[in-house]
Structure formats: structure tokens, C-alpha cells
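Observations on chain architecture
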Amino acid sequence: MHESTMEQLWRTSHLAGGNFAYVEQLYETYLTDPNGIPQAWREYFDKLPKEEGLPSQDVPHSVIKEQFLKLSRRRAAAVEASPTSLVSTEHERKQVKVLQLINTYRFRGHQKAKLDPLNLMVREHVADMELEYHGLTKADLDTVFQTGSLCFGVETMTFGEIIRGLEFTYCDTVGAEYMHIVNTEEKRWVQQRLESVRSHPVYEKERRYHLLERLSAAEGLEKYLSSRYPGTKRFGLEGGESLIPLLDELIQRAGSYGAKEIVIGMAHRGRLNVLVNTLGKNPKALFDEFEGKRLLDEGSGDVKYHQGFSSNVLTPGGEVHLALAFNPSHLEIVSPVVEGSVRARQDRRDDTAGDAVVPVIMHGDAAFAGQGVVMETFQMSQTRGYGVGGTVHIIINNQVGFTTHRREDARSTEYCTDVAKMVQAPIFHVNGDDPEAVLFVTQVAMDYRNTFKKDVVIDLLCYRRRGHNEADEPSATQPLMYQCIKSLPTTRQIYAQRLINEGVITEEESARLENEYRDLLDKGDHVVKSLVKEPNKELFVDWSPYLGHQWTAKCKTGISLKTLQKLGRKMDVLPDGFVPQRQVSKILEDRKKMTQSAMPVNWGYAEVMAYATLLHEGHSIRLTGQDVGRGTFSHRHAVLHNQKDGGLHIPLQHLAEGQPVFDIYDSYLSEEAVLAFEYGYATTNPKTLVIWEAQFGDFANGAQVVIDQFITSGEHKWGRLCGLTMLLPHGYEGQGPEHSSARLERYLQLCAEHNIQVCVPTTPAQVFHMLRRQVKRPLRKPLVAMSPKSLLRHKDAVSTVEELAEGHFYTVLGEIDDHIDPKQVRRVIMCSGKVYYDLLDKRRNENIQDVAIIRIEQLYPFPEDDLEEVLSAYKKLTNIVWCQEEPMNQGAWYCSQHHMRNVLAKTHPKLYLEYAGRPGSAAPAAGYGHVHAEEQAKLVNDAFTI
Ligand code: AMP
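Residues numbered from 1 in each chain as written. Predicted model: local features only at pLDDT ≥ 70, side-chain atom pairs only at ≥ 80, totals over all residues. Heavy atoms only, no water.

**Re the overall build of the protein chain**
In terms of regular secondary structure, the protein chain is built from 32 helices and 24 strands. Overall, the C-alpha framework of the protein chain stretches about 120 × 75 × 50 Å when taken along its three principal axes. Of all intrachain contacts in the protein chain linking residues separated by at least 6 positions in sequence, the fraction that spans at least 24 positions is 80%. Total accessible area on the protein chain is roughly 38200 Å²; 51% of this is exposed by carbon and sulfur atoms. The average position of the 108 basic charges and that of the 125 acidic charges among the side chains of the protein chain differ by 3 Å. (Helix = DSSP H or I, 4+ residues; strand = E, 2+ residues; numbered from the N terminus. Contact = heavy atoms within 4.5 Å. Areas by Shrake-Rupley, 256 points an atom, 1.4 Å probe, with all protein chains shown as cover. Lys, Arg positive; Asp, Glu negative; His and termini not counted. Charge placed at Lys NZ, Arg CZ, Asp CG, Glu CD.)

**Things to note about the sheet that holds strand β22 (residues 858-860)**
Taken in spatial order, the seven strands make up an open sheet running β14-β11-β15-β16-β18-β17-β22, and their pairing is mixed. The open sheet has two edge strands with one neighbour each: β14 (662-666) and β22. Within the sheet, the average angular offset between the axes of one strand and its neighbour, ignoring direction, is 20°. The pairing of strand β11 (residues 621-625) with β14 spans five bridges and is classified as parallel. In the strand pairing of β14, L623 is matched with I664. The sheet strands contacting helix α23 (residues 672-682) are β11, β15 (689-693) and β16 (725-729), and the helix crosses β15 at an angle near 170°. (Pairing = 2+ DSSP bridges. Axes fitted to C-alpha atoms, helices over the stretch in contact; angles between N-to-C directions.)

**Topic: helix α20 (residues 561-572)**
Side chains three or four residues apart in an α-helix point the same way, a direct result of the helix having 3.6 residues per turn. Between its first and last C-alpha, α20 extends 17 Å over 12 residues, near the 16 Å set by a 1.5 Å rise per residue. All of the buried residues along α20 are T563, L564, Q565, L567, G568 and M571. (Expected span 1.5 Å × (residues − 1). Buried < 20%, exposed > 50% of the residue type's maximum accessible area, 1.4 Å probe, protein only.)

**A look at the nonpolar core**
It is characteristic of soluble globular proteins that their nonpolar side chains tend to be buried jointly. Core analysis: the largest hydrophobic core is formed by 97 residues, its most contacted members being L243, I262 and F428. Among the elements that take part in this core, helix α16 (residues 435-452) stands out by supplying 10 residues, more than any other. Membership of the second largest hydrophobic core comes to 66 residues, among which are L675, L724, I856 and Y874. (Core = buried A, V, L, I, M, F, W, Y, C linked by side-chain atoms within 4.5 Å.)

**Focus on the environment of T725**
When you line up the elements, T725 lands in strand β16. For T725, a relative accessible area of 0% translates into the label buried. Separated by 270 residues in sequence, T725 and D455 have C-alpha atoms that sit 29 Å apart. Among residues more than four places away in sequence, those in contact with T725 are L689, V690, I691, W692, L771, Q774 and L783.

**What to know about the site of the ligand**
What surrounds the ligand is the set S310, H321, A323, R345, F540, V541, W543, T683, G719, R720 and L721. Between an oxygen atom of the ligand and a side-chain N or O atom of H321, the distance comes to 2.8 Å. In this structure, a nitrogen atom belonging to the ligand sits 2.8 Å away from a main-chain N or O atom of L721. Protein contact buries 78% of the 470 Å² of open area that the ligand shows by itself. Along the lines of polarity and charge, the residues of the shell around the ligand split into five nonpolar, four polar and two charged. (Near = heavy atom within 4 Å. Polar contact = N/O pair within 3.5 Å; in protein donor to acceptor, adjacent residues only side chain to side chain. Nonpolar A, V, L, I, M, F, W, Y, C, P; charged D, E, K, R; others polar.)

**A look at the environment of H210**
Following the sequence through the fold, H210 ends up in helix α8 (residues 205-228). In the structure, H210 is positioned 35 residues away from P245 in sequence and 8.4 Å away in space, judged by C-alpha atoms. There is a polar contact of 2.7 Å between the side chain of H210 and the side chain of D248.

**Considering α16**
Helix length check: α16 (18 residues) gives 25 Å between terminal C-alpha atoms against 26 Å at 1.5 Å per residue, within 8%. Most of α16 sits out of view: 16 of its 18 residues are buried. Where α16 terminates, the next one or two residues include K453, which has phi positive at roughly 55°.

**Here's the deal with the layout of surface pockets**
The volume enclosed by the largest pocket comes to roughly 840 Å³. Every residue lining the largest pocket is counted, 37 residues in all, and those nearest its centre are H808, F809, Y810, T811 and V812. Among the elements that line the lining of the largest pocket, the one with the most residues is helix α30 (residues 864-871), at five residues. Looking at the lining of the largest pocket residue by residue, the classes come out as 14 nonpolar, 10 polar and 13 charged. (1 Å grid on protein atoms, 1.4 Å probe; cavity = no way out; pocket = protein on both sides within 12 Å on 5 of 7 lines; lining within 4 Å. Points joined across faces, edges and corners; volume = space filled by probe spheres on them.)

**Comments concerning empty space enclosed by the protein**
Taken as a whole and judged by the stated rule, the model has 14 cavities of 30 Å³ or more. Taken as a whole, the largest cavity encloses approximately 130 Å³ of empty space. M571, L588, R591, V608 and P651 are, among the 14 residues lining the largest cavity, the residues nearest its centre. Contributing elements (two or more residues each) for the lining of the largest cavity: α20, α21 (582-595) and α22 (603-616).

**Looking at the packing of α20 against α22**
Between α20 and α22, whose axes approach to 10 Å, the crossing angle comes to 105°. Taken together, α20 and α22 sit at an angle that is classed as roughly perpendicular. Of α22, the residues touching α20 (which contributes T563, L564, L567, G568 and M571) are Y605, V608, M609, A612, T613 and H616. Of the residues contributing to the contact of α20 with α22, the split by class is seven nonpolar, four polar and no charged. (Parallel < 35°, antiparallel > 145°, perpendicular 65-115°, else oblique.)

**Quick word on the sheet that holds strand β3 (residues 174-177)**
Reading across from one edge, β3-β9-β10-β8-β7-β4-β6-β5 is the order of the eight strands in this open sheet, with mixed pairing throughout. With one partner strand each, in any of the chains shown, β3 and β5 (309-315) form the two edges of the open sheet. With direction set aside, neighbouring strand axes in the sheet form an average angle of 20°. Bridging between strand β4 (residues 261-265) and strand β7 (residues 357-364) involves five bridges; their strand directions are parallel. Residue V263 lies in a different strand from β7, and its bridge partner there is P359.

**Let's talk about the side chain of S242**
Its place among the elements puts S242 in the loop between α8 and α9 (243-256). With relative accessibility at 2%, the residue S242 sits in the buried group. A distance of 2.6 Å separates the side chain of S242 from the backbone oxygen of G432, its partner in a polar contact. Ignoring sequence-local partners within four residues, the contact set of S242 consists of L215, G432, P435, V438, L460 and T491.

Following this line, the structure appears as C-alpha cells:
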């Protein structure tokens, strides 16, 4: 221990006389926040002896304490004789308390802040923000103290000045929560930004005028719509008008930092206002929607407050493309969709830092606190596969969720924003009726995102002037709140009056702003001044090559054998010294043989070769899901792990210099957010093959909202194409109710108007061509594929490399495995999926020659023509059966039989389609192995005899 340095420090410090508690407090602060203590002390602590293997700040506390105590006693004895010692000791004791109080303001000031424009928010008393709690009194207000780490720009101030500064910074209309951030640099950064201007920067006249102009636009639109379409649902922004200047600032500031695209997500509240006043949608187009006019030539369309929109606006950094995501009524689900869209745009631009594309997501307070997908979205924010360099979240906090107002009903957390603390996002609560405070926190939030590339939250506390919608009477459930709202001037009125009082504008100027805006609306003109009339199309993707195609569009999915084998050989090359695990080695050895046609091709090989050939042809690939690197059933091994050092090798990333990107990420354990993310990615990037794989197929039911609201209906509602592929392991292997079925029936039930494709490939060649077809056709339609489990290793589920090279995807597979003479055939069994091999086994074992087995490999769009062609070959049929493993109320039976009957009506009008399968069942499968085996044997037998 460097005693001389310490003694010197103590002697020269204002604490000379020794105060162990103070030093200990300093040391505690140093441990968590080295920049939070005076430099001299920091340098001193930095020099303390280091423990072997420990970082510099990890000197055991007990050792330090011991040293401090010794010194403290020695110094105390030395100064005891001094007549001033008592006075000085008392001052130093108070200095400690003052520093503690400063810290309390930083931690808890927001709990005292004037955040609620209605002033109805129930706040708990914060005892440790009282002077008395710290042993301080009003009598101390004139005493001068050191300001410690306060960023007030001076080293000493009177206690009264310190308190006033802290109140202004932390307890006025901005309530900042950031002390939960562990990273010291970030914490100090926020502190510095807030304290240096006491959270109240002085804005220039032009800026304030612009704020009022934006508020006039926000209020003006709602007033206009209210008078032109009284009582029509629009989920108005009234009460939350500050959102419009907030967004304006975010966009302009992001642009000035070099952003080229901003993707915006929001629910219905205030959406029309954002569309017109932020994105520059033509008001006339909005009026047409109010009048119920048709927007899409095809499809159902959607209500006006779910519509997305795109435009380009000018910022100080140049033109920025804005995209507002389409949104269903399921409030928070759009968040991961936006993140996926942002990631796709960042990937397109090679923007790994997240500078060029920025996500901005608006949330309602109730949904933000209530919906689990919010947590899932935060959880993805810093992961490799899903990170986008931080999102700016805005809560339009009108303090009432539809009719639920009481906090004890709405949530268990203090704030609706508490979930954001899980990623240590700073949270800025701000009173929406103070537009300058809103502007300030917006600037800090945008700068934080830009500096640290992490999520940040603005909690815009406002209110809802009307009911949930314009036809709703809110006083029935919130009488006191609405009494208060009725007598409250609007945000614009309050701010205009403030500017008039301060002589910034005149009453006439204020009125002129209102009138000018109304005139623009009357003319149906665009109201966003920064809107670019002739947008730079380079800023976004051209989707025209993908429009207007049918699923039958032709494409070549074969590839020359030479190329296939060349790629196969490249996949074999491992880095020097790379040692794969033993079983993986065997798989790689087998793959070598498959390339040389020395062994039949299995599923894993065909699948990775589909990727290799697509990459070779210039298509990038993104493959995610819970265990996709290896494959849940250990068939893929696209990511290899070196047994010597844990290093990774991904052969598909090493096919050629400058090859397209092959991204593969094991996802965190979510279905809802990750599937929504991939939907967002695929609807933004038509060139990449985007695949999400479920661990077991039925786990996708955790993402049912994404399937219903986006994947199967997005094109119909919003005209947005999506080429996403979902691989869903499915098959009855006796593993019980939860691991057997991918709930095929759910997808089939959602099928209409050729919205999606549902395939059940049963051979390696089929999966090869199915995956390649998904990208090679110009069509972009979601593909739902039931993928196998036991078939991954089934001796008969094999193909040849020639079948990969020369074949294509067959929607219907007729007899190919055995030599069955069509003239002999009396019975046809139709099936899909793995049961084919059980049927085949039985036929072979019993040498049955008069039964043909036909596989329907694409259940939707149902290939009636192809089936007709196959069935027509069998002229002497007496029976035709549909066989499935799933219970009767599940699988394809109910949803697809009408297609089969349509075909039969043409080929064999006298035959009745029979069913061989499990009887209807509440659970998808039996939980007991022997019950499963009996059921399986019976249904296979039935198929031959029924
Ligand atoms: P965005 O960058 O999302 O604003 O998209 C720009 C434009 O591309 C849109 O206005 C659409 O015309 C078109 N577009 C974007 N995504 C899709 C999609 N998934 N399907 C069809 N067209 C799209």
C-alpha cells in the first residue's frame, strides 16, 4: 500500500481530518463508476496494489478497509488537538450526505418528476429524497459543498443551488431512468447530457416556432377529420400531439447522422396523423379511405389505421427513405417484424454497425407492459442473428389501456416501461405537454442510439382526449380522468400561449399556423415540407420482377452434375488442423461418397447441396431457428465445431471468393418474435432464401399470430409479397402428443387464393428441388414445409446425385420405387409424408402387386392436374383410399379431400374416396409407445383393406 500517497491525498483533500465513511463511499463509487469520483481519488485507487489475476478494480474490499481504518485512526489522533476539527468533521459528514443525495436524485428523481399532464398519476412518497432522511436541513442550504461527479460545470455550489439544479434536471418534466445501466461510460454519458443543461436546454426561436408548427399540424389534422367525418373511427392522436414533433426530430437527426432508411412500426393510435404529417401521405388518399374506396385491385385490403406507407424525406444528411410497416390489430407483434425488415436493409447495405438503417417503434403503454413479444424483441436486440444496432422505442403513454386505468389492474411494475430495463436501456419519461422537454429527450435518445448502438426508450406521457375510438364514451369508466381532460387546454394551446407570453410569437402568427395547415388539407395537398416529390429509388428494393406470377411459373431447379460435384468437393475441405467430432466426421465422409455417387444421397446432403448450388448461382441465404446449425435431429451439420479449440467452420461460407452471404444462426428460444423477424426480413428482401426452422413443428404454434396475421394474409390485406420458408419437423414416431405433429391442418385451413404453399417432401431430391424452386421462380409466396425426422436417416428415403442434377420438384409422386404394372392395379392409396414408407414396407413385405401408392408432395396449391395425370394411368381401380398418420380431425383429410374428390370425379367418377387413419382425437398423438405402434399398424393395414 502506498501510504505516503494516501496520506498526502488525505492531507490535501478537503476532508483532511479523516472520514472513513466518506472514503469508503468514494471507494464504493469507484468500484462501480470510476468516473464518478474526483480525479485525484480515482488516480489514487488506480494505484492500489493489484491482486494476481484480478482486474485493477478488484482489490479485496477487506484489505482496503483495513488500510483506511488505520489511516483514519492515525489522522484522527493527529488532528484531535486542532480547535477547528469538530467543525470540519461535521461539514465533511454533511458532504458525504450531499453526495448521497445527489446519487438519490439520479436514481429516483423520476419518481418525483411532473410527468403527467393530467396530474393524476399516483406517485409514492420517496423518503430518501427528503433532506431530513440524509440528516440535512434547510439551514444547510447556504453552505458550500463540493459537487462531486455532478456535471453542473463547477466544483462547488451552495447546497440550495445543488438541490435546485437536481430538481430541475431530474424532477421537472423529464424523469430519466438510467442508473440501472451497468456500463459506466454509458451511464456517465447520460448523466452528462442531462445535468450539463439541467434537462432544459435553451432552444432558438426558429426551433420553437417549428415545434409549434408541428403541433399545429398534429392538432389540425385531428380537428379536420373530426369535423369532416364525425364519429368515424380514426384512433386520433388528440392528447399525444407531441409525438409529431418528436418523430420529426428523430428523422431529421437520424438523417444528419447518415441514416438512409428508417423503418417505423406503430399500432393504430395516431397512425393517420403519422401517415399524413410525418410520412407525407396525400391527405386526399386518406379522405378516400374514410369514404371507403377500394385501394388494392385484388385482395381484401385493410382498414386505414393498419395501412403502411413509404416515402422519402429530405434531412440535413440527405434523402432518407421512410417505411411504415403494415400492422394488424395485435399491437406489439409489429415490433419484431420491423426489426427483421431493418436487418434485411442493413444486410443489403452491408451496414454491420447499424448506421444506415434505423428502427423506430411506437408502442401503447398497456401493450408494452402486457405483451410477451415485447420482452422477446428486447431479448433479440443484442444477439448476433437479430441485432440491428439499437431501436428507438416510443411509448404513446395515454395512461389508460382501452378502459383499464388502475395501475394495480394494468401491471405489476412501477412503469409500463420496466421491461426495457432487461437490456439496460435508458428510459426517458417525459411530460407530453412540455414539447421542449420532448424535443430534448428525443435528441438525447437518438444520440444515445447513435453512440452506443443500443435500444433506448422515450415514454411520452400524455392522455387520450377522446375514448378508445371516436365512437366510444370514456367517462363511463374513467369519470375523473375525463373531467380533468375536458377542462385541459390542448398541448398546442399550452405551448402557443407559452411562446406568446415569452414574446417569441404573436397571437396572429399562432392563428396563421393553424389556418395555413387547414388550407393545405382543404386543397388535399401534401403537408410535409421535407417530402421528396421524386424519390430516389436506389434507396429501396425494386419488387416489380416478383409481381404477378403464378405458383406454376416454370424454373430450372436442376444443375449440371459437374457443378454439383465441384461444389460437393469444396464442401469437403476443412481448415488445417480442424478436428470434427467423431460422428460428424462419419457424416462428412459419407457426404464425400455421395458426391462421388458411391453412396445414395440422404436428406442432409441434399439440403446442404441445395444451399451450395443457390449460393453458387448468386442467391444469399439466411437460415435461423433454435438448433439450425446442427439440425434438431442432427442431420444438417452446416456449422462444424472443432473438437480441439471449439472453433467453428461453416463450409457453405467457403465456396468461392466474394460468394453471396450464407447466414446461419441458432436462435434464442423464441418462436413468436423470431418468426415475425424472419417475416419482416423476407418481406423486405426478395433475393435471399429466408428459412425459419422450428425445433419441433408444433412449437410454431407459439407464433400463431405471425402465421395468421402476417404470413398467410399479408399479401391479401396489404399487397406485400413474402418468400419465407418454414421448415416444420412433422411425423408420427411415437414421441407423444407434443412432438409428432406440426399441425398441418392449421396451415391447410388457412389456405385460400393461393396465399401460401404447403409441401410435404419425402425424398432428398424433392427437398433439394423444393428449396431451389422457392428462389429460382420469380414468385414470392410463403412455403410451409413439413420436414421429416426419421426419414432423415431412412434407408429408402434416398436419392441419387443425378436426381438432384436433372430432376425437378414433383407435386405428385407416382409409382417410382417398385415396378408396379398399372394394368394390375386395383387399389390406389394416396398419402403425404412419412407414412409412405410404412405403406411401402408392407407392400414389399407382403409382395402386393395390385396396389399403387401415390404421394401428394404439395398439398396447397393442390396440384389437381398433376394428380389427374397420375391417376389416369390406373384404369381398373376398384378402391381409392387416402391414408394419413394424423387423427381424422387433423392432417390433410378435411382440408384437402375436396381437391382429391374433384380429381376423382374426372378420372374415376364411380369411386368413393375412403379414409384410412387414426380416428378423430383431441390430442395430436398417443403418449404411449405401444399404443402408437398399434395405431400405426392398423392404419397402414386399413389402407390396404378398407
Ligand atoms: P419499403 O422500402 O418497404 O417502403 O418498400 C418500398 C416499395 O417497394 C413499396 O412502396 C412497395 O411498392 C414495394 N415493396 C416493398 N415490400 C414489398 C413486398 N413485400 N411486396 C411487394 N412490394 C413491396
